[in-house]
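Chain residues, written in single-letter form:
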Amino acid sequence: MRIAQVTTQFAEVGGVENVVQSLAAELSQEHEVDLITRERPQNTDNMPEEFSTVHVLEGTESYLGFLRKCRSFLRENQDTYDVFHFHNWSTILPAAGLDINSVLTTHGTTFDVQASNGNHLRAVLYWMLEEAAFNIPDRLTSVTKSHLKPFKIQPPVDIIRNGVDTDKYSPGEIQEKSDKFEILIVGKHNQAKNHSALIQAVS
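Residues numbered from 1 in each chain as written. Predicted model: local features only at pLDDT ≥ 70, side-chain atom pairs only at ≥ 80, totals over all residues. Heavy atoms only, no water.

1. Re helix α1 (residues 15-27)
Helix length check: α1, at 13 residues, gives a terminal C-alpha distance of 18 Å against a target of 18 Å (1.5 Å per residue), a fit within 8%. Within the span of α1, buried status applies to V16, E17, V20 and A24. Buried residues of α1, viewed axially, fall in a sector of 100°; they line one side. Every exposed residue of α1 that faces more than 90 degrees away from the buried side is listed here: G15 and E26. As for α1, its buried residues are in contact with β1 (2-6), β2 (32-38) and β4 (83-87). (Helix = DSSP H or I, 4+ residues; strand = E, 2+ residues; numbered from the N terminus. Expected span 1.5 Å × (residues − 1). Buried < 20%, exposed > 50% of the residue type's maximum accessible area, 1.4 Å probe, protein only. Arc of directions from axis to C-beta. Contact = heavy atoms within 4.5 Å.)

2. Here's the deal with the pairing of β2
Within β2, 6 of the 7 residues are buried, which leaves it mostly tucked inside the rest of the structure. As judged from the 5 bridges shared by β2 and strand β3 (residues 53-57), these two strands associate in the parallel manner. By the bridge assignment for β3, I36 is matched with H55. (Pairing = 2+ DSSP bridges.)

3. So, the environment of S178
Among the secondary structure elements, S178 is positioned in the loop between β7 (157-159) and α6 (195-202). Residues S178 and E130, 48 residues apart in the sequence, show an inter-C-alpha distance of 46 Å.

4. A word on the packing of aromatic side chains
For the structure shown, the criterion picks out 7 aromatic pairs. Plain terms: the ring middles of W89 and Y126 are 5.8 Å apart, the flat faces sit at 65° to each other, and that makes the pair edge-to-face. Of this pair, W89 sits in helix α3 (residues 89-92) while Y126 sits in helix α5 (residues 120-134), placing them 37 residues apart in sequence. Connected via pairs of aromatic rings, a cluster forms that spans Y63, F66, W89 and Y126. (Phe/Tyr/Trp six-rings, centres within 6.5 Å; stacked < 30°, edge-to-face > 60°.)

5. Quick word on the sheet that holds β1
What holds strands together in a sheet is hydrogen bonding between their backbones, with the strands either parallel or antiparallel. Pairing is parallel across the open sheet formed by 7 strands, whose spatial order is β3-β2-β1-β4-β5-β6-β7. For this open sheet the edge positions go to β3 and β7, each flanked by a neighbour on one side alone. Along the sheet, successive strands turn relative to each other by an average axial angle of 20°, direction set aside. Each of β2, β3 and β4 is contacted by helix α2 (residues 63-76), which is oriented at about 135° to β3, the strand it contacts most. (Axes fitted to C-alpha atoms, helices over the stretch in contact; angles between N-to-C directions.)

6. Observations concerning unusual backbone geometry
Phi angles above zero are rare outside glycine, and N88 is one such case at about 75°. Position of N88 relative to the elements: it lies in the loop between β4 and α3.

7. Some points on the side chain of Q114
Considering the arrangement of structural elements, one finds Q114 in helix α4 (residues 110-116). Setting aside its immediate chain neighbours within four residues, Q114 contacts N119, R122, A123 and Y126.

8. So, a nonpolar patch on the surface
On the surface, a nonpolar cluster with roughly 470 Å² of combined accessible area is contributed by F181, I183, I185, L198 and V202. If you trace the backbone, L198 turns up in helix α6. By relative accessible area, L198 is classed as partly exposed at 34%. (Patch = residues over 30% accessible without salt bridge, like charges linked within 9 Å, V, L, I, M, F, W, Y side chains within 5 Å. Areas by Shrake-Rupley, 256 points an atom, 1.4 Å probe, with all protein chains shown as cover. Salt bridge = Lys/Arg side-chain N within 4 Å of Asp/Glu carboxyl O.)

9. Things to note about the pattern of salt bridges
Scanning all chains against the criterion turns up 3 salt bridges. In this structure, E32 and R2 form a salt bridge, with 3.6 Å as the shortest nitrogen-oxygen distance. Note that E32 is positioned in strand β2 and R2 in strand β1, a separation of 30 residues in sequence. Taking the relative accessible area as the measure of exposure, E32 reaches 34% and is therefore partly exposed. Judged by relative accessible area, which is 24%, R2 ranks as partly exposed. One salt bridge in this structure joins R2 and D34, with 2.8 Å as the shortest N-O distance. You can see R2 sitting in strand β1 and its partner D34 sitting in strand β2, a full 32 residues away along the chain. One connected set of salt bridges, linked through shared partners, spans R2, E32 and D34.

Following this line, the structure appears as structure tokens:
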């Protein structure tokens, strides 16, 4: 199969970027995997070797530019790929109405982030955009059920939680017994991450 992974950026660090790279590493053992992404300052020139081809769409610094250029690319290449795998809602909007095999993975929702930060007008706008996006693909996947609760969704849904590569990350040996333990969290410190729930549970 020939698979296209579609992202809005590919910086050196990021949760979505790590997932896409991990997927490409596994899929490329049996399939041809390409990357389609935006032209953004945070992207790097050192694209991972797991991708057969990297398409950085020129003139896509703005999202409107991405909508136009990505839709044109999808139309021209709809028969080139067996499946397009879109990551997060903003990448699949250019595919609305096109006859392509598509999967959308939502790694979280902008609606939830805006609502948890008290930006209610923006939350409503993103709710409408995301509900429209979630009904475009042939299949939708999400890292949690809770992300999808506010939306009415027609396509089949699979919950696929984020995993851990235990070849890279594994628990170290405990040197001595203790009544306390330490936790390291790597991620944005905002309300949507819900660090407070962990702090309350530990206490």
